[in-house]
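Letter by letter, the chains look like this.
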Amino acid sequence: MEMGEQMWFGAGYPNNSNVMTKRVGKKTSRAERRARRPHEILEAAFEEFAAKGYAATRVEDVATRLGITKGTVYLYFPTKDVLFQEMFRHASTSSADRPTAIGGLRGSCAERIRALLLIAYENTANDRKTRELLRLSVAEGARLPEMVDCRHELFIAPTLAALTALVEEGVKSGELRRDTAAETPDVLASLIFQVAVWLLMFADRKPIDGKALMEAHIELVMSGLLQRSEQMV
């Protein structure tokens, strides 16, 4: 039998082993594509939902964008609602590493608050995907409140928790005064959403310098938080 196998491989089929290797390679390649498919579908779904909104987007539109059948989409996401919610969670994960970024901040409380707000600003007002998620939250939040809760959990809550902790630390150390801004640290981040909404509504028609506004807002609020001696330094 071994002789026959040697003759079969050696006689008339000199490249058969290469053919088998290529076939194995193709199987691996297909497996890799299959593993990437959910990610690709979610990315395509984001573009479609962002462009058309939930109601006007069809599963066929997502499939067409990828050059696949809608049956393939349904294989991974059985309904349009499931596709939309999974897309929203997938697109929101870009903010999931925010606690790591927050933990790496250095300097005084005021310096860390300023750095944190600028990070949050860059990842909200200046990030298209985050702005579009905000638009979808406003448009579809009443129908899918869990979607809004997801966004709050992944983005807003960590930022507000970090701001609260920094303000409390600054008050305890005497660097910051305890006033209304210290009691409601949400006010520190309020302009971020204002700028994001402005950009969503007006885009290039009425451009604003969002970063300059953010800088002015931080300076204004921090001047109220800092102890008087710190302001005079």
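It should be emphasised that the depicted structure is a prediction, and the values quoted were computed from it without experimental measurement.

Visitor: Break down the environment of His90 for me, citing the residues and quoting the values.
Guide: Turning to its location among the elements, His90 is positioned in helix 5 (residues 80-92). Separated by 48 residues in the primary sequence, His90 and Leu42 place their C-alpha atoms 7.2 Å from one another. Beyond its immediate sequence surroundings of up to four residues, His90 is in contact with His39, Leu42 and Glu43.

Visitor: Summarise the environment of Ala161; cite the residues concerned and give the values.
Guide: Here Ala161 shows up in helix 9 (residues 145-173). The class for Ala161 is partly exposed, based on a relative accessible area of 48%. As for Ala161 and Asp186, which are separated by 25 residues in sequence, their C-alpha atoms are 9.6 Å apart.

Visitor: Give a detailed account of the packing of aromatic side chains, specifying residues and quantitative values.
Guide: The tally for this structure, following the rule as stated, stands at four aromatic pairs. Seen from their ring centres, Tyr54 and Phe84 are 5.1 Å apart, and the 80° between their planes marks the pair as edge-to-face. Of this pair, Tyr54 sits in helix 2 (residues 16-56) while Phe84 sits in helix 5, placing them 30 residues apart in sequence. Of the two residues, Tyr54 and Phe84, both sit in the buried class.

Visitor: Could you give an account of the packing of helix 9 against helix 11 (residues 186-202), with specific residues and numbers?
Guide: Axis angle and axis distance: for two packed helices, these are the angle between their axes and the distance between the axes, and together they describe the pair. At a closest axis distance of 9 Å, the pairing of helix 9 and helix 11 adopts a crossing angle of 140°. Taken together, the residues of helix 11 that come into contact with helix 9 (itself represented by Phe155, Ile156, Leu160, Leu163 and Val167) are Asp186, Leu188, Ala189 and Phe193. A class-by-class count of the residues in the contact of helix 9 with helix 11 yields eight nonpolar, no polar and one charged.

Visitor: Summarise the packing of helix 5 against helix 8 (residues 128-140); cite the residues concerned and give the values.
Guide: It is at 10 Å that the axes of helix 5 and helix 8 come closest, and there the two elements cross at 145°. Like other packed secondary-structure pairs, helix 5 and helix 8 cross with a definite hand, here left-handed. Contacts between helix 5 and helix 8 involve Phe84, Met87, Phe88, Ala91 and Ser92 from the first element and Lys129, Leu133, Leu136, Ser137 and Glu140 from the second. Each residue belonging to the contact of helix 5 with helix 8 can be placed in one class, and the counts come to six nonpolar, two polar and two charged.

Visitor: Before we move on, can you summarise helix 3 (residues 59-66) with the specific residues and values?
Guide: Among all positions of helix 3, only Val59, Asp61, Val62 and Ala63 are buried. A positive phi of about 75° marks Gly67, the residue just after helix 3.

Visitor: Quick one: what's the story with the nonpolar core, residue by residue and with numbers?
Guide: If you look at soluble globular proteins, the nonpolar side chains tend to sit buried side by side. Residues Ile113, Leu117, Leu188, Met214 and Met222 are the most contacted members of the largest nonpolar core, which totals 27 residues. Every element with two or more residues in this core is listed here: helix 7 (109-122), helix 9, helix 11 and helix 12 (210-225). Ranked by the residues each element gives to this core, the list is headed by helix 7, at seven residues. The contact partners of Met214, leaving out residues within four places of it in the chain, are Leu117, Leu118, Tyr121, Leu188, Leu191 and Ile192. Leu83, Phe88, Ala91 and Leu144 belong to the second-largest nonpolar core, a separate cluster that totals 23 residues.

Visitor: Tell me about the side chain of Glu132, and please be specific about residues and values.
Guide: If you trace the backbone, Glu132 turns up in helix 8. If we skip the residues at most four places from it in the chain, Glu132 touches Phe46, Ala50 and Leu200.

Visitor: Outline the environment of Glu140, supporting the account with residue identities and numerical values.
Guide: Tracing the sequence through the fold places Glu140 in helix 8. Residue Glu140 is classed as buried on the basis of its relative accessible area of 12%. A C-alpha to C-alpha distance of 7.6 Å links Glu140 and Tyr54, two positions 86 residues apart in sequence.

Visitor: Give a detailed account of the pattern of salt bridges, specifying residues and quantitative values.
Guide: Counted according to the given criterion, the structure contains 14 salt bridges. The shortest N-O distance in the salt bridge between Arg143 and Glu140 comes to 3.3 Å. Overlapping salt bridges, with partners in common, bring together Glu48, Lys52, Arg58, Asp61 and Arg65 in one network.

What counts, and where the lines are drawn
- Residues numbered from 1 in each chain as written.
- Predicted model: local features only at pLDDT ≥ 70, side-chain atom pairs only at ≥ 80, totals over all residues.
- Heavy atoms only, no water.
- Helix = DSSP H or I, 4+ residues; strand = E, 2+ residues; numbered from the N terminus.
- Contact = heavy atoms within 4.5 Å.
- Buried < 20%, exposed > 50% of the residue type's maximum accessible area, 1.4 Å probe, protein only.
- Phe/Tyr/Trp six-rings, centres within 6.5 Å; stacked < 30°, edge-to-face > 60°.
- Axes fitted to C-alpha atoms, helices over the stretch in contact; angles between N-to-C directions.
- Nonpolar A, V, L, I, M, F, W, Y, C, P; charged D, E, K, R; others polar.
- Left-handed = near helix turned anticlockwise from the far one by under 90°.
- Core = buried A, V, L, I, M, F, W, Y, C linked by side-chain atoms within 4.5 Å.
- Salt bridge = Lys/Arg side-chain N within 4 Å of Asp/Glu carboxyl O.

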